[in-house]
Amino acid sequence: AEPQLEAEFEAIVGHKDRIEPRDWMPDAYRKTLIRQVAQHAHSEIIGMQPEGNWIGRAPSLRRKAILLAKVQDEAGHGLYLYSAAETLGISRDELTELLISGKQKYSSIFNYPTLSYTDVGTIGWLVDGAAICNQVPLCRTSFGPYGRAMIRICKEESFHQRQGYELLMTMMRGTEEQRAMVQESVNRFWWPALMMFGPPDDASPNTAQSMAWGIKTHTNDELRQKFVDMSVPQAEALGVTFPDQELRWNEERGHYDFGQPDWDEFWSVVKGDGPCNAQRLAHRKRAWDDGAWVREAALAFAAKEAGGTEE
Ligand code: FAQ
């Protein structure tokens with residue numbers, strides 16, 4: 001039966017149709033999807049920390065309400081994605097344990113600190129901007145639950161991006177000092193934002209197979225280029241520059257040429273040695289441990305309800 005099932009799977013993927021949870025799938029397909037969807041979910045949840053850092057210090061009630069709503073949206077994205085991962089046969093508890101034991105990853109970007117409130121704007125503009133660039137194509141990924149989660153997530157991320165850009169625009173209309181804060185923040189986040197797309201294609205072990213399976217529809221370098229092309233005019237409109245001497249329009253290619261991020265720094269952050277890795281994981285672990293009684297109580301209550309009216 002296996003070759004027959006394998007042929008059916010290949011046909012579905014080949015036609016760019018969707019694989020659903022009850023369909024047969026190769027173990028390696030299931031494994032790489034769990035890896036990617038889990039990392040994505042963890043990123044949304046860990047990604048709440050850098051911005052959450054500024055909720056209590058937002059400069060006005062309006063800005064605080066906006067930031068609270070955005071951080072709550074990230075929690076929702078994490079939940080859609082954990083649910084999608086669960087359809088592949090792994091539980092949310094297991095996934096969280098894999099995260100806090102350091103066995104599964106989350107995006108490198110969230111290991112950088114947020115040093116000023118301006119970083120909230122820069123994250124919205126550049127980090128959500130990069131996230132959208134990477135995630136819009138994922139709406140058409142081959143695994144149904146992941147693709148459907150992406151549609152809703154992308155709508156919310158677009159809103160987040162506009163929010164960040166508007167925040168920075170407001171600061172650029174302010175004082176000289178505020179404009180300098182925006183430029184300083186953009187300087188710090190530009191290279192880490194480019195790293196979000198993953199290593200260069202020739203150093204990306206998963207891309208070829210993930211493209212063949214329709215999990216990814218573009219390579220890391222293709223999406224990075226798209227992000228640069230999209231961001232340069234936005235930076236010009238805002239009145240800031242990116243810290244890259246090699247950045248210039250290439251008429252022949254019809255794209256911007258740009259320099260390479262420091263890939264040694266990238267790998268060191270991915271391996272756990274970034275500026276905030278230890279802090280992010282410790283915070284997540286504390287929240288998980290502190291919430292244990294809530295999970296236990298909810299399970300006990302559910303068991304009691306299921307037991308009917310005897311008690
Ligand atoms: N950080 O072979 P590849 C957000 C790992 S957006 C850490 O190229 P692949 C929204 C990679 O896992 C951020 N690790 O891997 C938000 C692999 O290691 P492994 C989340 C990275 O999977 C905004 C190894 O390097 N978005 O959260 C990174 O084909 C604001 C080799 O790499 C997603 O997760 C990295 N940047 O391509 C929230 C998008 N890059 O697993 C709050 C979905 C690579 O073999 C506030 N994911 N690695 O041990 C993807 O599109 C892909 O997984 C890539 C990596 C493109 C990230």
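Residues numbered from 1 in each chain as written. Predicted model: local features only at pLDDT ≥ 70, side-chain atom pairs only at ≥ 80, totals over all residues. Heavy atoms only, no water.

## What about the site of the ligand?
For step 1, the next point in the chain: Surveying the vicinity of the ligand reveals 36 residues, the closest of which are Gln-39, Lys-105, Ser-108, Ser-204 and Lys-216.
For step 2, the next point in the chain: The side chain of Gln-36 places a nitrogen or oxygen atom 3.5 Å from a nitrogen atom of the ligand.
For step 3, the next point in the chain: For the ligand, an oxygen atom lies 2.8 Å from a polar atom in the side chain of Asn-220.
For step 4, the next point in the chain: Relative to its free-state accessible area of 1,100 Å², the ligand is covered by the protein chains to the extent of 92%.
For step 5, the next point in the chain: Among the elements that line the shell around the ligand, the one with the most residues is helix H2 (residues 27-46), at 6 residues. (Near = heavy atom within 4 Å. Polar contact = N/O pair within 3.5 Å; in protein donor to acceptor, adjacent residues only side chain to side chain. Areas by Shrake-Rupley, 256 points an atom, 1.4 Å probe, with all protein chains shown as cover. Helix = DSSP H or I, 4+ residues; strand = E, 2+ residues; numbered from the N terminus.)

## Section: helix H10 (residues 220-238)
For step 1, the next point in the chain: A rise of 1.5 Å per residue sets the reference length of H10, with its 19 residues, at 27 Å; its end C-alpha atoms lie 27 Å apart and thus fit the reference within 8%.
For step 2, the next point in the chain: Buried within H10 we find Asn-220, Leu-223, Arg-224, Gln-225, Phe-227, Val-228, Asp-229, Ser-231, Val-232, Ala-235 and Leu-238.
For step 3, the next point in the chain: Turning to H10, the residues buried within the fold contact helix H6 (118-135), helix H7 (144-172), helix H8 (176-195), helix H9 (207-212), strand E2 (255-257) and helix H11 (263-273).
For step 4, the next point in the chain: Once H10 finishes, Gly-239 follows within two positions and takes phi at roughly 95°, a positive value. (Expected span 1.5 Å × (residues − 1). Buried < 20%, exposed > 50% of the residue type's maximum accessible area, 1.4 Å probe, protein only. Contact = heavy atoms within 4.5 Å.)

## Remarks on the packing of H7 against H10
Each packed pair of helices is defined by two parameters, the angle between the axes and the distance between the axes.
For step 1, the next point in the chain: Put simply, H7 and H10 touch, their axes get as near as 10 Å, and they point 30° apart. Considering their axes alone, H7 and H10 lie roughly parallel with respect to each other. On H10, the residues that touch Gln-161, Tyr-165, Leu-168, Met-169 and Met-172 of H7 are Met-230, Gln-234, Ala-237 and Leu-238. (Axes fitted to C-alpha atoms, helices over the stretch in contact; angles between N-to-C directions. Parallel < 35°, antiparallel > 145°, perpendicular 65-115°, else oblique.)

## Some words on H11
For step 1, the next point in the chain: Of the residues making up H11, those classed as buried are Trp-263, Phe-266 and Val-269. The buried residues of H11 occupy one face: seen down the axis, they fall within an arc of 120°. Turned more than 90 degrees away from the buried face of H11, the exposed residues are Asp-264, Lys-271 and Asp-273.
For step 2, the next point in the chain: Check the buried side of H11 and you find it contacts H8, H10 and helix H12 (277-290).
For step 3, the next point in the chain: For H11, the N-terminal capping position is held by Asp-262, with its side-chain oxygen 3.0 Å away from the main-chain nitrogen of Asp-264. (Arc of directions from axis to C-beta.)

## Looking at the environment of Pro-26
For step 1, the next point in the chain: Its place among the elements puts Pro-26 in the loop between helix H1 (2-14) and H2.
For step 2, the next point in the chain: Separated by 78 residues in sequence, Pro-26 and Gln-104 have C-alpha atoms that sit 21 Å apart.
For step 3, the next point in the chain: Ignoring anything within four residues of it in the chain, the contact list for Pro-26 reads Glu-6 and Phe-9.

## Looking at the environment of Ala-287
For step 1, the next point in the chain: Here Ala-287 shows up in helix H12.
For step 2, the next point in the chain: Considered as a pair, Ala-287 and Val-182 are 105 residues apart in the sequence and their alpha carbons are 32 Å apart.

## With respect to the pattern of salt bridges
For step 1, the next point in the chain: A full pass over the atoms with the stated rule returns 12 salt bridges.
For step 2, the next point in the chain: Residue Glu-20 pairs with Arg-148 through a salt bridge whose shortest N-O separation is 2.8 Å. Taken together, the residues span a long stretch of sequence, with Glu-20 in the loop between H1 and H2 and Arg-148 in helix H7 at a distance of 128 residues.
For step 3, the next point in the chain: Through salt bridges that share partners, Glu-51, Lys-70, Glu-74 and Asp-128 make up one connected network. (Salt bridge = Lys/Arg side-chain N within 4 Å of Asp/Glu carboxyl O.)

## Details of the packing of H7 against H8
For step 1, the next point in the chain: Where H7 meets H8, the closest approach of the two axes is 8 Å, and the angle between their N-to-C directions is 140°. Here Leu-168, Met-171 and Met-172 of H7 lie close against H8, whose contacting residues are Gln-178, Arg-179, Met-181 and Val-182.
For step 2, the next point in the chain: Taken together, the residues of the contact of H7 with H8 sort by class into 5 nonpolar, 1 polar and 1 charged. (Nonpolar A, V, L, I, M, F, W, Y, C, P; charged D, E, K, R; others polar.)

## Regarding a negative patch on the surface
For step 1, the next point in the chain: On the surface, Glu-2, Glu-6, Glu-10 and Asp-27 cluster together into a patch of negative charge.
For step 2, the next point in the chain: With 3 residues, the top contributor of residues to the negative patch is H1.
For step 3, the next point in the chain: Within the secondary structure, Asp-27 sits in helix H2.
For step 4, the next point in the chain: Take Asp-27: its relative accessible area is 64%, and that puts it in the exposed class. (Patch = residues over 30% accessible without salt bridge, like charges linked within 9 Å, V, L, I, M, F, W, Y side chains within 5 Å. Lys, Arg positive; Asp, Glu negative; His and termini not counted. Charge placed at Lys NZ, Arg CZ, Asp CG, Glu CD.)

## Structural notes on the environment of Cys-276
For step 1, the next point in the chain: Of note, Cys-276 is situated in the loop between H11 and H12.
For step 2, the next point in the chain: Relative accessible area serves as the criterion here: at 5%, Cys-276 is assigned to the buried category.
For step 3, the next point in the chain: Apart from residues no more than four positions distant in its own chain, Cys-276 is found in contact with Asn-111, Tyr-112 and Pro-113.

## Quick word on the packing of aromatic side chains
For step 1, the next point in the chain: This structure, assessed with the given rule, holds 11 aromatic pairs.
For step 2, the next point in the chain: Residues Phe-266 and Trp-267 carry aromatic rings whose centres are separated by 4.8 Å and whose planes lie at 70° to one another, so their mutual orientation is edge-to-face.
For step 3, the next point in the chain: Members of the aromatic cluster, each reached through a chain of ring pairs, are Trp-125, Tyr-165, Trp-190, Phe-197, Phe-227 and Phe-242.
For step 4, the next point in the chain: The ring of Trp-54 has Arg-57 lying over it, and the distance from NZ or CZ to the ring centre is 3.8 Å.
For step 5, the next point in the chain: Stacked on the ring of Trp-288, the Lys or Arg Arg-295 has its end atom at 3.4 Å from the ring centre. (Phe/Tyr/Trp six-rings, centres within 6.5 Å; stacked < 30°, edge-to-face > 60°. Lys NZ or Arg CZ within 6 Å of the ring centre and 35° of its normal.)

## Thoughts on the nonpolar core
For step 1, the next point in the chain: Grouped together as the largest cluster of nonpolar side chains are 69 residues, with contacts concentrated most on Tyr-29, Trp-125, Leu-126 and Phe-227.
For step 2, the next point in the chain: When residues of this core are traced back to their parent elements, those giving at least two are H1, H2, helix H4 (61-86), helix H5 (92-100), H6, H7, H8 and H10.
For step 3, the next point in the chain: Here this core takes 10 residues from H7, the largest share from any one element.
For step 4, the next point in the chain: Here Leu-126 is in contact with Val-186, Phe-189, Trp-190, Ala-193, Phe-227, Ser-231 and Phe-242, once residues within four sequence places are set aside. (Core = buried A, V, L, I, M, F, W, Y, C linked by side-chain atoms within 4.5 Å.)

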